[in-house]
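Examination of the molecular architecture
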Amino acid sequence: AQTVTQSQPEMSVQEAETVTLSCTYDTSENNYYLFWYKQPPSRQMILVIRQEAYKQQNATENRFSVNFQKAAKSFSLKISDSQLGDTAMYFCAFREVNTNAGKSTFGDGTTLTVKP
Amino acid sequence: SQTIHQWPATLVQPVGSPLSLECTVEGTSNPNLYWYRQAAGRGLQLLFYSVGIGQISSEVPQNLSASRPQDRQFILSSKKLLLSDSGFYLCAWDGGANVLTFGAGSRLTVL
């Protein structure tokens, strides 16, 4: 079974600065997807960024980028120019590819607070 | 456009009472549907998933059950709630590009 570990339960960053959230995972699969989801205080879960394991290039989405290290099974999220609206719980997730159900496994989350 | 609806948003129930949480998806057909539970300050635990009408797979043995009576309807139920059933329940569907799209969630408190 796949596992996802987020070793930082809580983090904080000053507005406009950069912060990196860590995630490691364990799998025997060669092809899979990795995600970062954001859950703000409203509890509405939304996608931040997506990475396909077969792609070596790191995904970027505006101020959000990832550092995907497949051999190390590491998938960190970097948030640049942090904004107050980035305050949320961030979840790293792993998704199988070669199954009909496409189940996703989530880490326990990192609570990020952006300070003014 | 594709949307997902989940209700009720908040529920307070006594121990031993029944439960029904409902989720519907619009704008798509034959979606993969999922029920997750989120304990306080924790990650998401997959409870059930469904790849089609009447097809339910359970991930965790528990006091809950799920049903899919229609293509875009997914229901989470319990005949008798336990204190440990309290939590935040999220319905999700496979929204394309292997990304999960979530409902707004249902907060269940069992007293």
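It should be noted that the structure appears before, not after, this text.
Okay, so let's go over this structure. Because the structure is predicted, anything quoted here is derived from the model rather than measured.

Turning our eyes to something else, we now look at the overall build of chain A. Of the regular secondary structure elements, chain A holds 0 helices and 12 strands. In sequence order, the secondary structure elements of chain A are arranged as β-β-β-β-β-β-β-β-β-β-β-β. The globule rule puts the C-alpha radius of gyration for 116 residues at 13 Å, and the 14 Å found for chain A is close to it. Residues counted as buried form 50% of the 116 residues belonging to chain A. As presented, chain A carries roughly 5,600 Å² of accessible surface, and 44% of it is formed by carbon and sulfur atoms.

Moving on, we get to the pattern of salt bridges. On inspection of all chains with the given rule, the structure shows 9 salt bridges over all chains. Across the salt bridge formed by Glu52(A) and Lys55(A), the nearest N and O atoms sit 2.9 Å from each other. The class for Glu52(A) is buried, based on a relative accessible area of 11%. Across the pair Arg37(B) and Asp85(B) runs a salt bridge, and its minimum N-O distance is 3.9 Å. With Arg37(B) in strand 4 (residues 33-38) and Asp85(B) in the loop between strand 8 (73-78) and strand 9 (87-94), the pair connects residues that are 48 residues apart, well separated along the chain. Accessibility assignment for this pair places Arg37(B) and Asp85(B) in one class, buried. In the salt-bridge network here, residues are joined through shared partners; they are Arg50(A), Glu52(A) and Lys55(A).

Here the structure, examined in full by the defined rule, presents 2 disulfides over all chains. Between the sulfur of Cys23(A) and that of Cys92(A) lies a disulfide, 2.0 Å long from S to S. Here the S-S torsion is close to -70°, and the disulfide linking Cys23(A) with Cys92(A) is therefore left-handed. Of this pair, Cys23(A) sits in the loop between strand 3 (19-21) and strand 4 (24-26) while Cys92(A) sits in strand 10 (residues 88-96); the two residues are 69 residues apart in sequence, bridging distant segments of the chain. Just as Cys23(A) is buried, Cys92(A) falls in that class too. With its sulfur 2.0 Å from that of its partner, Cys23(B) forms a disulfide with Cys91(B). The chirality of the disulfide connecting Cys23(B) with Cys91(B) is left-handed, given an S-S dihedral of about -75°. Here Cys91(B) lies in strand 9 and Cys23(B) lies in strand 3 (residues 19-26), a separation of 68 residues in the sequence. For the pair formed by Cys23(B) and Cys91(B), the shared burial category is buried.

On the side of chain B, 23 residues touch chain A, which itself brings 20 residues to the contact. By the criterion of area lost to chain B, the three top residues of chain A are Arg43(A), Arg95(A) and Lys103(A), representing 29% of everything that side buries. The interface formed by chain A and chain B includes 11 residue pairs in polar contact (both at pLDDT 80 or more). If you list the elements that add at least two residues to the side of chain A that touches chain B, you get strand 5 (32-39), strand 6 (46-52), strand 10 and strand 11 (104-106) of chain A. Among the elements that line the side of chain A that touches chain B, the one with the most residues is strand 5 of chain A, at 4 residues. Class assignment of the residues belonging to the side of chain A that touches chain B gives a composition of 9 nonpolar, 6 polar and 5 charged.

Both the distance between ring centres and the angle between the ring planes are used here to describe each pair of aromatic rings. Evaluated as defined, the whole model comprises 14 aromatic pairs over all chains. Judged by centre distance (5.4 Å) and plane angle (65°), the ring pair of Tyr25(A) and Tyr32(A) falls under edge-to-face. On the basis of an interplanar angle of 35° and a centroid distance of 6.4 Å, the ring pair of Tyr33(A) and Phe35(A) is categorised as tilted. With respect to burial, Tyr33(A) and Phe35(A) carry one shared label: buried. What links up through ring pairs into an aromatic cluster is the set Tyr33(A), Phe35(A), Tyr37(A), Phe106(A), Tyr34(B), Tyr36(B) and Phe102(B). When the ring centre of Phe88(B) is taken as reference, the NZ or CZ atom of Arg43(A) above it lies at 4.0 Å.

Calculation criteria
- Residues numbered from 1 in each chain as written.
- Chains lettered and ligands numbered in written order.
- Predicted model: local features only at pLDDT ≥ 70, side-chain atom pairs only at ≥ 80, totals over all residues.
- Heavy atoms only, no water.
- Helix = DSSP H or I, 4+ residues; strand = E, 2+ residues; numbered from the N terminus.
- Rg over C-alpha atoms; globule rule 2.2 N^0.38 Å.
- Buried < 20%, exposed > 50% of the residue type's maximum accessible area, 1.4 Å probe, protein only.
- Areas by Shrake-Rupley, 256 points an atom, 1.4 Å probe, with all protein chains shown as cover.
- Salt bridge = Lys/Arg side-chain N within 4 Å of Asp/Glu carboxyl O.
- Disulfide = S-S within 2.5 Å.
- Contact = heavy atoms within 4.5 Å.
- Buried area = accessible area lost by both parts, 1.4 Å probe.
- Polar contact = N/O pair within 3.5 Å; in protein donor to acceptor, adjacent residues only side chain to side chain.
- Nonpolar A, V, L, I, M, F, W, Y, C, P; charged D, E, K, R; others polar.
- Phe/Tyr/Trp six-rings, centres within 6.5 Å; stacked < 30°, edge-to-face > 60°.
- Lys NZ or Arg CZ within 6 Å of the ring centre and 35° of its normal.

Spatial relationships are all this shows, so hold off on functional conclusions.
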